[in-house]
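Given next are the chains, with one letter for each unit.
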Amino acid sequence: MSIPPCAVVVLISGNGSNLQALIDRQQADNFEIAAVICNEPGAYGLQRAANANIPTVVLNHREYPGREAYDQELIKRIDAVNPDLLVLAGFMRILSAGFVKHYSGRVLNIHPSLLPDYRGTNTHQRVLDAGETKHGVSVHFVTEELDGGPVVLQAVINIEPQDTKETLAKRVAEQEHRIYPEAVSWFCQGRLRMQDGAAWLDERKLPQQGIRRTPV
Ligand code: GAR
């Protein structure tokens with residue numbers, strides 16, 4: 001009897017290029033995207049899911065009285081699928097403490113900076129304004145602290161003098177599409193977990209920056 005693939009639910013808000021990278025890797029990496037949930041009707045990522053025959057759910061946050069009510073509905077829809085892992089792929093909503101607790105240790109996020117630096121939004125412009133020479137992307141476990149959970153994997157890029165926020169966004173996105181499927185596959189193989197506020201890979205506690213991929 002073959003082992004069923006690890007079931008993943010992906011949450012998106014927009015373009016879904018990270019979702020696409022996951023779709024492209026799911027078969028080879030033995031995970032299965034069981035559903036895509038999106039808070040923005042009309043997001044292009046919904047089309048990507050439909051093209052790959054993945055069931056979609058649109059939950060428009062504007063139709064709920066507040067964060068708690070929205071997150072309760074989100075939990076209901078996710079639990080109906082009973083996934084092993086939740087993957088936030090450009091899901092631009094702050095999650096309530098109750099939601100995070102419910103899925104503790106089973107939620108990954110990708111953030112366009114070298115965490116713990118540059119949490120929040122507009123990261124590409126902020127690193128340029130600060131005169132940084134390095135930038136990148138982080139995959140991390142989600143905890144109640146916004147962009148603050150233990151880092152699993154980072155990819156670093158060098159900032160060149162001619163870089164703009166657009167060129168950085170493009171180069172960071174290329175790295176995102178490389179490292180997110182890798183981290184998901186680690187989790188799905190049972191190699192990655194969150195314990196005592198840290199990320200562990202192959203029974204090894206990872207440092208604050210996780211595994212770091214530097215430019216070749
Ligand atoms: C990605 O760059 C991701 O890192 C970022 O949103 C983008 C989504 O792109 N996420 C965050 O900023 C979360 N704080 P996509 O919809 O094409 O995957």
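Structure: above.
It should be emphasised that the depicted structure is a prediction, and the values quoted were computed from it without experimental measurement.

### Points about the nonpolar core
Val8, Val10, Ile33, Val152 and Val184 are the most contacted members of the largest nonpolar core, which totals 44 residues. Look past the residues within four positions of Ile33 in its chain and what remains in contact with it is Val8, Val10, Leu19, Leu22, Ile23, Gln26 and Ile54. Core analysis: the next-biggest nonpolar cluster, separate from the first, contains 19 residues, Ile37, Phe91, Leu95 and Tyr103 among them.

### Considering helix H2 (residues 44–51)
Listed as buried for H2 are Gly45, Leu46, Arg48 and Ala49. Along the axis of H2, the buried positions cluster into a sector of 155 degrees, meaning they face one direction only. Two residues or fewer after H2 comes Asn53, characterised by a positive phi angle close to 60 degrees.

### Digging into unusual backbone geometry
That bond from Leu115 to Pro116 is cis: its omega, 15 degrees, falls within 30 degrees of zero. Counting through the fold element by element, Pro116 comes out in the loop between strand S5 (107–111) and helix H5 (123–129). Its identity as a non-glycine residue notwithstanding, Asn30 has a phi of 55 degrees, on the positive side. By the element assignment, Asn30 lies in the loop between helix H1 (17–25) and strand S2 (31–38). The exposure class of Asn30 is partly exposed, given its relative accessible area of 43%.

### Description of the state of the cysteines
By the definition in use, this model includes one disulfide. Between the sulfur atoms of Cys6 and its disulfide partner Cys188 the distance amounts to 2.3 Å. An S-S torsion of about -55 degrees defines the bridge between Cys6 and Cys188 as left-handed. Remark: Cys188 occurs in helix H6 (residues 165–188) and Cys6 occurs in strand S1 (residues 6–12); sequence separation between them is 182 residues. Exposure remark for Cys6: the relative accessible area of 10% places this residue in the buried category.

### Some remarks on the environment of Lys170
Its location among the elements puts Lys170 in helix H6. Along the backbone, Lys170 and Ile23 are 147 residues apart, and their C-alpha atoms lie at a distance of 20 Å.

### Here's the deal with the packing of H1 against H6
Helix packing geometry: the angle between the two helix axes and the distance between the axes. The interhelical angle for the contact between H1 and H6, taken along N-to-C directions, is 55 degrees, at an axis separation of 9 Å. One element, H1, and the other, H6, form an angle in the oblique class. The hand of the H1/H6 crossing is right-handed. In this structure, H1 uses Ser17, Asn18, Ala21, Leu22 and Arg25 to contact H6, whose residues at the interface are Glu176, His177, Tyr180, Pro181 and Val184. Residue composition of the contact of H1 with H6, grouped by class: five nonpolar, three polar and two charged.

### Thoughts on the pairing of strand S9 (residues 198–201)
Of the two faces of S9, the one holding Ala198 and Trp200 and the one holding Ala199 and Leu201 are both buried throughout. Where strand S8 (residues 192–195) and S9 come together, four bridges link them in antiparallel fashion. Within S9, the residue paired with Leu192 across the bridge is Leu201. Where S8 folds back onto S9 in an antiparallel hairpin, the turn is made up of two residues, including Asp196, whose phi is positive at roughly 50 degrees. With two bridges joining them, S9 and strand S10 (residues 204–205) adopt antiparallel strand pairing. Counted as the bridge partner of Leu201 is Arg204 from S10. Hairpin remark: S9 followed by S10, antiparallel, with two residues in the connecting loop; positive phi at Asp202, about 50 degrees.

Conventions we followed
- Residues numbered from 1 in each chain as written.
- Predicted model: local features only at pLDDT ≥ 70, side-chain atom pairs only at ≥ 80, totals over all residues.
- Heavy atoms only, no water.
- Core = buried A, V, L, I, M, F, W, Y, C linked by side-chain atoms within 4.5 Å.
- Buried < 20%, exposed > 50% of the residue type's maximum accessible area, 1.4 Å probe, protein only.
- Contact = heavy atoms within 4.5 Å.
- Helix = DSSP H or I, 4+ residues; strand = E, 2+ residues; numbered from the N terminus.
- Arc of directions from axis to C-beta.
- Disulfide = S-S within 2.5 Å.
- Axes fitted to C-alpha atoms, helices over the stretch in contact; angles between N-to-C directions.
- Parallel < 35°, antiparallel > 145°, perpendicular 65-115°, else oblique.
- Left-handed = near helix turned anticlockwise from the far one by under 90°.
- Nonpolar A, V, L, I, M, F, W, Y, C, P; charged D, E, K, R; others polar.
- Pairing = 2+ DSSP bridges.

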